[in-house]
Each structure stands twice: as C-alpha cells, then as structure tokens.
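Analysis of the macromolecular model
Chain residues, written in single-letter form:
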Amino acid sequence: MSSLESKWEELADVKAELAERDWFMGTSGNLAIKVNSDPVQFLVTASGKDKRKRTDEDFLLVDQFGRPVDETCLKPSAETLLHVEVYKKTDAGCSLHVHTIDNNVISEVYGDRGEVQFQGQELIKAFNIWEEDAVLKIPIIPNYAHIPTLAKAFSEHVKGDTGAVLIRNHGITVWGRNAFEAKKILEATEFLFRYQLRLLEHKPFQLFKVV
Ligand SMILES: CSC[C@@H](O)[C@@H](O)C(=O)COP(=O)(O)O
Ligand SMILES: [Zn+2]
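Residues numbered from 1 in each chain as written. Chains lettered and ligands numbered in written order. Predicted model: local features only at pLDDT ≥ 70, side-chain atom pairs only at ≥ 80, totals over all residues. Heavy atoms only, no water.

Protein coordination at the zinc ion (ligand 2) comes from Glu 79 (OE), His 97 (NE2), His 99 (NE2) and His 170 (NE2), with a distance range of 2.1 to 2.7 Å. Between the 6 donor atoms coordinating the zinc ion (ligand 2), the angles at the centre fall across 74 to 166°, so the site counts as octahedral. As a motif over one chain, the donors of the zinc ion (ligand 2) read E-x17-H-x1-H-x70-H. With Glu 79 in the loop between strand E3 (59–62) and helix H2 (80–89) and His 170 in the loop between strand E7 (163–167) and strand E8 (171–176), this pair connects stretches of sequence that are 91 residues apart. (Donors = N, O, S within 2.8 Å, 3.2 Å for Na, K, Ca; no water. Tetrahedral: all angles 85-135°; square planar, octahedral: opposite > 155°, others 65-115°. Helix = DSSP H or I, 4+ residues; strand = E, 2+ residues; numbered from the N terminus.)

Let us now look at the packing of aromatic side chains. In total, this model carries 4 aromatic pairs according to the counting rule given. Centre to centre, the rings of Trp 8 and Phe 59 are 5.0 Å apart; their planes meet at 75°, and the pair counts as edge-to-face. In this pair, Trp 8 sits in helix H1 (residues 3–20) while Phe 59 sits in strand E3, placing the two residues 51 residues apart along the sequence. Each of the two residues, Trp 8 as well as Phe 59, counts as buried. Centre to centre, the rings of Phe 42 and Tyr 87 are 4.8 Å apart; their planes meet at 45°, and the pair counts as tilted. In this pair, Phe 42 sits in strand E2 (residues 40–45) while Tyr 87 sits in helix H2, placing the two residues 45 residues apart along the sequence. Above the face of the Trp 23 ring, Arg 21 is positioned so that its terminal group lies 5.3 Å from the ring centre. (Phe/Tyr/Trp six-rings, centres within 6.5 Å; stacked < 30°, edge-to-face > 60°. Buried < 20%, exposed > 50% of the residue type's maximum accessible area, 1.4 Å probe, protein only. Lys NZ or Arg CZ within 6 Å of the ring centre and 35° of its normal.)

What follows is about the pairing of E2. The two faces of a sheet get side chains in turn, since along a regular strand they alternate between them. Taking burial as the measure, the 6 residues of E2 include 6 buried ones, the bulk of the element. Burial along E2 is two-sided: the residues Val 40, Phe 42 and Val 44 and Gln 41, Leu 43 and Thr 45 are all buried. Where strand E1 (residues 30–37) meets E2, 5 bridges bridge the pair, whose relative direction is antiparallel. Paired with Ile 33 across the two strands is Leu 43, which belongs to E2. Counting the residues that bridge the hairpin from E1 to E2 gives 2 residues. (Pairing = 2+ DSSP bridges.)

Below, the structure is given as structure tokens:
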C-alpha cells in the first residue's frame, strides 16, 4: 500500500469514527491528514459531502496552498485554508474540524472573553499538560465569513504541534502530530465542553469564576 493509500485509509477510519458520534450534522465538518512534508501535501475532505458516507471521492490531495494536486472535479473543503495554516506552521500530521451543539454553545457562552479555560480536570492531560494546577486555555475566534480572514485569525493561535481553536457559533478545529493524537484532543475537548455545560446547570456561578 502506498503512503497516499495508507493515509487515505487512516483518515477514512477517523471520519467513520467521528460519523459514529454524529459529529457531521448537515454536511458540516472537514478533515485533513498530511501525506508529504517537503513540499507539504495533504488529503482534505471534498467540500459539501455527507461525511457519514464512505466513498472513493471523500478526499483529494492538495498542496501547501490548498490547491488540488491533480486534475479533479472535486472541490477541497471550503475551510482548507485553516488546515493549510496548521501544516505551514507546525509539524502536525492531522487536523480535524467538527460542529457540535456543545462546542457551539461553549463558544457563545465564553465568546466575549476570547477563550475558555479549564483547570483541575483530568482530561487536560490529553493536551500533554501534566502539572496539577495547570490551566488549559482554548481560544475562541469570531466566525468571519471571509475564509482568508478566518484563517488569519485562526493562524494566530496555531503555535505547537497539538492544539485547538473554537470558532464562535461554528465549531472547533484541532490538530495533533498524527491522527490518533488529533482525535484524542477532539474527544477531550468535547468531553470538557459537555462537562462545563453540565456544571453550569448545577453551579451557574462557575461561569464567573476566573481561573
Ligand atoms: C454546511 S454548513 C458547514 C460549512 O459551512 C463548513 O463550516 C463546514 O464545516 C463544511 O464545509 P466543507 O466545505 O464541506 O468542508
Ligand atoms: Zn465548519
């Protein structure tokens, strides 16, 4: 199996797992996996597809600018430029974007602060943060309709090989050194968001707690 084929299968498996969680409502979401580093080439989901289906036209190979490498009638994801920023600025191998109710509500509740913080939660360790009092900060950026503007705002928070950025009332984009790590971070953030929303039902004053 070529490297391209094995990366295709890896991304298709991640897509199937996220689909099982129902994280691709209304054709939302896009996924990418790096195939080559120099020059950067990555597989990205084709735009507008039902990402719950597994087909031969789910992904296409794009270059470091997000342009299709081969002639194709498929269109790269509308949000390909965000994935471009990840591979341009880091050594990440996989980036994932999903819209969920929980990540949208969290992004709205904490949007004016520009970030949501978590402390004292075991799952922070998914981000490789091991100190007991450490604070995990997830930035929240405005949902600019102009994708290059959105990508620029996103890029300001792309600083390491793993990370997560919320887009207000839109969704989350995460990345990791490989597909396993990106998925781990995505699952951990969704856990933290759901936990926080549940906590606010019982302890509404937690919203105003400054970590
Ligand atoms: C159909 S609403 C979602 C889109 O606007 C977009 O945010 C999204 O996540 C999927 O776009 P796509 O171009 O299929 O990658
Ligand atoms: Zn989206």
